[in-house]
Amino acid sequence: MTSQTGKPTRRRVVSQFGMVLGAAAIGAPAVRSAHAQSKTLVIGGSVPLTGAAAETGLNVNNGYITAVSYMNDVLGGVEIAGEKYKIELKLFDDASDPARATTLIQRQIDEGTNFFLGSFGSNIVLPTAAITERAKKPMVQTGGGSDAIFTRGYKYIFGMFPRATRQFASTAAMFKTLQPLPQTYSVIWTNDAFSKTAAEGVRKSCDAAGFKRLDGYELPAKPTDVSSVLGSIRANTPDMLICVMHDQNSLLVARQMVATNTNVKLLFQGLGPQLVSFREALGKYSEALLCSTYWDENVPFKDKFFGDSKKFVEYYKSKFTRPIAYHVAGAAACIETYVMAMQAAKSTKPEAVRDALAAANYETFYSRIKFTPQGDGDEILMGGMIGQVQKGKLAIVFPADAASAKAIYPAPTWDKKA
């Protein structure tokens, strides 16, 4: 079973909502709804409930569950083309392994599944999207932002974020508002599809904004020691150090910066500080860290399902004690987006739904949903906000109309953090 924190207790996980969430035996049957009067809409996919990506994978998983549970149990299902449907999730644990994920997705296609949700991590989303593309089955996902996903001419993949090279523009704009104005930066990334293209976006945006780049450092995909890179950082001392990598690697970098007393005026970590677990693991040293975030419970958006973000959070907390994060909301918005596309298409045929997704322009509690012709999120409508850890919580510091606090800059040195 899945615990109330969302952590799996064994490899095959069947949720309290009667949906298959993981499998030791691939293709294990889902528990069908008892509502015979409703038709069943099956949405498949894989999520990393175990392995390196599990921390965020569990958030994605819980977001999918929250939306489907609400639509089935509270709304009594959804209406599409005059017929009532209950949604059945068939999600399996890919264990953060791309090879396992591709096997799972191909098996589901062979069994007749027509619609898919994405895993977490571009290294998994990219190969699984290739499979669903060949089969002409849509995939809506909140876990992959690599440019490679959206530059291969695919027509059936849709993402809740702008592609990686377009994600940093708002952050560079935020840096321009700081006083005294930072002058120099260095960037660190890991050798994986998302991080490499994210680093490219950092360089393009920061260079265009007039900041001087001192150095760029590529780490292995799964680094264990960054001391040599941090030695170079101390020697050059950029005003800003920008780390674009997944959360577990961000935590490694931050911990080793503390251990080696490597200080910069601003430390931006694209993924990591958004998570309560990250902030708890780093303790007082998480103070003043900056990160990107794509959703906050105070955003003003409305939708016809939950109503608004606060009601979504309220319902989520009735199901899970695991702290909420923006990937939870983004995952739930994937479900809403599918339903609204089917309603607009008046169809549950994959090609008709794909066309409706391509034309999407509707509001959810998460954001206004609109995709580029290549399938990634519109860089303005679905771009990020900037958060900063202040007193152990994530405060929004940019843009100004969404800000709940003023950015702390320069950040206190590690030995001055209370």
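These numbers were taken from a predicted model, which means no experiment stands behind them.

(A) Structural detail: the packing of helix α2 (residues 98-110) against helix α3 (residues 122-134). Close contact between α2 and α3 brings their axes to 9 Å; oriented N to C, the two are set at 25°. Considered as vectors, α2 and α3 are oriented roughly parallel to each other. As for how α2 packs across α3, the hand of that crossing is right-handed. Of the residues in α3, those in contact with P98, A101, T102, I105, Q106 and I109 of α2 are N123, I124, P127, T128, I131, T132 and R134. Of the residues contributing to the contact of α2 with α3, the split by class is seven nonpolar, five polar and one charged.

(B) Expanded view of the pattern of salt bridges. A complete count under the given rule lists nine salt bridges for this structure. We note a salt bridge from E83 to K39, for which the minimum N-O separation is 3.5 Å. One end of the pair, E83, is in strand β3 (residues 83-93); the other, K39, is in strand β1 (residues 39-47), with 44 residues separating them in the sequence. R322 serves as the salt-bridge partner of E55, at 3.0 Å between the closest nitrogen and oxygen.

(C) Highlighting helix α1 (residues 54-74). Spanning 21 residues, α1 covers 28 Å between terminal C-alpha atoms, matching the ideal 30 Å at 1.5 Å per step. Along α1, 18 of the 21 residues are buried, which leaves the element largely enclosed by surrounding structure. Of the residues trailing α1, G76 is marked for its positive phi of about 75°.

(D) The arrangement of the confidence of the model for the chain in detail. When pLDDT is averaged along the chain, the result is 90, and 91% of the positions lie at 70 or above. Segment residues 1-36 is flagged for pLDDT under 50; beyond a separation of four residues in sequence, or across chains, it makes 91 contacts in the model.

The rules we used
- Residues numbered from 1 in each chain as written.
- Predicted model: local features only at pLDDT ≥ 70, side-chain atom pairs only at ≥ 80, totals over all residues.
- Heavy atoms only, no water.
- Axes fitted to C-alpha atoms, helices over the stretch in contact; angles between N-to-C directions.
- Helix = DSSP H or I, 4+ residues; strand = E, 2+ residues; numbered from the N terminus.
- Parallel < 35°, antiparallel > 145°, perpendicular 65-115°, else oblique.
- Left-handed = near helix turned anticlockwise from the far one by under 90°.
- Contact = heavy atoms within 4.5 Å.
- Nonpolar A, V, L, I, M, F, W, Y, C, P; charged D, E, K, R; others polar.
- Salt bridge = Lys/Arg side-chain N within 4 Å of Asp/Glu carboxyl O.
- Expected span 1.5 Å × (residues − 1).
- Buried < 20%, exposed > 50% of the residue type's maximum accessible area, 1.4 Å probe, protein only.
- pLDDT = per-residue confidence, 0-100.

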